[in-house]
Structure formats: C-alpha cells, structure tokens
Amino acid sequence: MRSEGCLDESVLQELAAGIAPEGTLEQHGEHISHCDRCASILKRYLSIFSDEVTPEEQALISQLKSSRPETQRAIVRKMLRATIWKERFRKFVRWLKKPL
Ligand SMILES: [Zn+2]
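Residues numbered from 1 in each chain as written. Predicted model: local features only at pLDDT ≥ 70, side-chain atom pairs only at ≥ 80, totals over all residues.

Points about the overall build of the protein chain
Summing up its helical and strand segments, the protein chain has four helices and zero strands in all. Along the protein chain, helices (α) and strands (β) appear in the sequence α-α-α-α when read from the amino end. Buried positions account for 9% of the 100 residues belonging to the protein chain. Of the contacts formed within the protein chain by residues at least 6 apart in sequence, a portion of 62% connects residues at least 24 apart. (Helix = DSSP H or I, 4+ residues; strand = E, 2+ residues; numbered from the N terminus. Buried ≥ 20, exposed ≤ 12 C-beta atoms within 10 Å, placed from the backbone. Contact = placed C-beta atoms within 7 Å.)

If you want it as structure tokens, here you go:
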C-alpha cells in the first residue's frame, strides 16, 4: 500500500540499477527500511538487476582490451561507479536486515 513519502516505482528501479541520482539512497533509505511497499518493490528490481551486473562487467573488461585510450577511461569510470554502488548497496542491505 502506498503511503505518504513513498517513492515512485521508477525511482526504486533506478536505485536497484545503481543509476539513481547521488543522495537518493541517503534521502530515502530510512523510509524504504520501514516501508513494506517500497522494500518489496526494491527487492523485486534488485533480483532482476543483480543477475546482470557480472556479465556487464565482463563485457566492459573485454571492451577495455580493444578500445582507444579515451574510451578506456570512460569504461574505467563506469566500472568504478558500479563497484562503488555495489559496496554501498551491500551496506544498505545489511542495514535493512538490522533488527528494528
Ligand atoms: Zn514506501
């Protein structure tokens, strides 16, 4: 059930994909941890996106080998961003599982 403060499904989708604007998780994390609706939508998208992370990174790595330097830099930035996101997300999952 949607309540006041609930996030749009598109925002939850961006969070799960790791493309939400900076600060979104900090701003809404507490709400999600207390809201069954938002948490369940986020988990649903996460189960979709989590399977895609590793092959995507493998594809980026294979691109790295054959790219021009400027393309390589862009790929490295993308990978770093994905890595940072995953680390932040692991912390968030631990936080979600914390007994209230
Ligand atoms: Zn909510």
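Quick notes on helix 1 (residues 9–17)
Each α-helix turn comprises 3.6 residues. Residues three or four places apart therefore point the same way. Considered for burial, the residues of helix 1 that qualify are Leu12, Leu15 and Ala16. Along the long axis of helix 1, the arc covered by the buried residues comes to 95°, so they all point the same way. A positive backbone phi angle near 80° is found at glycine 18, which sits one or two residues after helix 1. (Arc of directions from axis to C-beta.)

A closer look at the environment of alanine 20
Looking at the element boundaries, alanine 20 is found in the loop between helix 1 and helix 2 (24–34). With ten residues separating them along the chain, alanine 20 and serine 10 place their C-alpha atoms 9.5 Å apart. Filtering out sequence-adjacent residues up to four positions away, alanine 20 remains in contact with Val11, Glu14, Leu15 and Leu25.

Observations regarding the environment of valine 11
Note that valine 11 resides in helix 1. Residue classification places valine 11 among the partly exposed residues on the basis of 17 C-beta atoms within 10 Å. With near-sequence residues (within four places) excluded, valine 11 lies in contact with Ala20 and Thr24.

Comments concerning the nonpolar core
If you look at the biggest cluster of nonpolar residues, it comprises eight residues: Leu7, Leu12, Leu15, Ala16, Ile32, Cys38, Ile41 and Leu42. For this core, the elements supplying multiple residues, two or more each, are helix 1 and helix 3 (36–66). Discounting residues that sit within four places of it in the chain, leucine 12 has contacts with Leu7, Cys38, Ile41, Leu42 and Tyr45. (Core = buried A, V, L, I, M, F, W, Y, C linked by C-beta atoms within 7 Å.)

Remarks on the confidence of the model for the protein chain
Any region with low pLDDT has predicted coordinates that should not be read closely. Per-residue pLDDT for the protein chain has a mean of 72; in total, 47% of the residues score no lower than 70. Looking at the elements of the protein chain, mean pLDDT is at its lowest for helix 4 (residues 69–97), recorded as 66, and at its highest for helix 1, recorded as 85. (pLDDT = per-residue confidence, 0-100.)

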